[in-house]
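Here is what each chain is made of, one letter per residue.
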Amino acid sequence: MSGVGERLRVAREQAGLRLADVASRLRMQLRVVEALEAEDWGRLGAQVFVRGQLRSYLRLLGLPESLADTIPEATQVRPPELTPRTYTPPMQRMLDKAMGRAVYVVITALIVVPVWVATRQHVDDTGEITASLGVLGDEAAPAQPVGPRPVTASLGALPKRALAPVPAAEPAARDQAGRLTLRFSGPSWVEIVGHDGRRIESAEVPAGQQREFATADVHRIVLGNAGAVEVLRDGVVQDLSEFRRSNVARFEVSSDRGFAPVAE
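In this text, all values refer to a predicted model and were calculated from it rather than measured experimentally.

1. Here's the deal with the environment of glutamate 34
And then number 1: With respect to the helices and strands, glutamate 34 occurs in helix 3 (residues 30-37).
And then number 2: With 14 residues separating them in the primary sequence, glutamate 34 and alanine 20 have C-alpha atoms 9.7 Å apart.

2. A look at the side chain of glutamine 53
And then number 1: Mapping glutamine 53 onto the fold places it in helix 4 (residues 47-61).
And then number 2: If near-sequence neighbours (up to four positions away) are discounted, glutamine 53 is found in contact with Met28, Val32, Leu36, Leu44 and Arg250.

3. Re the packing of aromatic side chains
Any aromatic ring pair is given by two values, namely how distant the centres are and how the planes are angled relative to each other.
And then number 1: Following the criterion strictly, the structure yields two aromatic pairs and no others.
And then number 2: Ring centres of phenylalanine 243 and phenylalanine 251 lie 5.7 Å apart, and the angle between their planes is 40°; on these two criteria the pair is classed as tilted.
And then number 3: The exposure class assigned to phenylalanine 243 is buried, which follows from its relative accessible area of 6%.
And then number 4: Relative accessible area serves as the criterion here: at 0%, phenylalanine 251 is assigned to the buried category.
And then number 5: An aromatic cluster is present here, built from Phe243, Phe251 and Phe259 joined pairwise through their rings.

4. With respect to the side chain of arginine 233
And then number 1: Here arginine 233 is to be found in strand 6 (residues 229-233).
And then number 2: Of the side chains bearing the opposite charge, aspartate 234 lies closest to the buried arginine 233, which forms no salt bridge; the N-O distance is 4.6 Å.
And then number 3: From its side chain, arginine 233 meets the backbone oxygen of serine 254 in a polar contact 3.0 Å long.

5. Thoughts on the sheet that holds strand 7 (residues 236-237)
And then number 1: Judged by pairing direction, the sheet is antiparallel, and its four strands sit side by side in the order 4-1-6-7 without closing on themselves. What marks the edges here is a single partner per strand, and that holds for strand 4 (210-214) and strand 7.
And then number 2: Taken together, the five bridges between strand 1 (residues 179-184) and strand 6 define a ladder with antiparallel strand orientation. Considered in strand 6, the bridge of leucine 182 is made with valine 231.

The rules behind each value
- Residues numbered from 1 in each chain as written.
- Predicted model: local features only at pLDDT ≥ 70, side-chain atom pairs only at ≥ 80, totals over all residues.
- Heavy atoms only, no water.
- Helix = DSSP H or I, 4+ residues; strand = E, 2+ residues; numbered from the N terminus.
- Contact = heavy atoms within 4.5 Å.
- Phe/Tyr/Trp six-rings, centres within 6.5 Å; stacked < 30°, edge-to-face > 60°.
- Buried < 20%, exposed > 50% of the residue type's maximum accessible area, 1.4 Å probe, protein only.
- Lys, Arg positive; Asp, Glu negative; His and termini not counted.
- Salt bridge = Lys/Arg side-chain N within 4 Å of Asp/Glu carboxyl O.
- Polar contact = N/O pair within 3.5 Å; in protein donor to acceptor, adjacent residues only side chain to side chain.
- Pairing = 2+ DSSP bridges.

What follows is the structure in structure tokens.
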């Protein structure tokens, strides 16, 4: 039986399609289509990435998609795993949260303690003046008939109403603007390219991992097995359905807080 690449070429020629026609219909680069027919898997990256493209080609030509499982494992290329520069250790995040709480406690103390001291001193001074007036009245003033007490005296006898402490401002939430987060619920191939064309990260990421980048540094993103990747911009989950083809998502990070298709 011929190899999968040869079967692709024969089926394409029988369908009257050129390599450029296949690349246009599948939204693939021409070099990717050529590499699939030549079975040059090493040019295409990780296994999950290659099989997704190969299944799309087989589906287009009406061939069994199970042929994608015949790729030899020995031909797969695993790029070295890179650690993003923007990764924040868990201890650093815990320290930042503790510092925020400490600032909240200090601000509350600076507001409440002076108010409490001023209120206590005002109550003590009022009590001393009232007691002195009572002693003078007993010694010097003639006996007065019993009658209703003056309004001012009644008001003075009322307990002083303590001033309610001014509520302190809530601690400012951690600013997540300008952050791009990738969460992986399954294995995926990821390629992050900067504005200068430099690859920030190119690796096969296992399930359960998370990557975080500064949005201003990222220009283009390619995700293999995109259905297993959750993309958040400024903490908000983004919809990648319009950029996904054959479970591979390609999109550019635009400056208007959104994503855009990759320019061909």
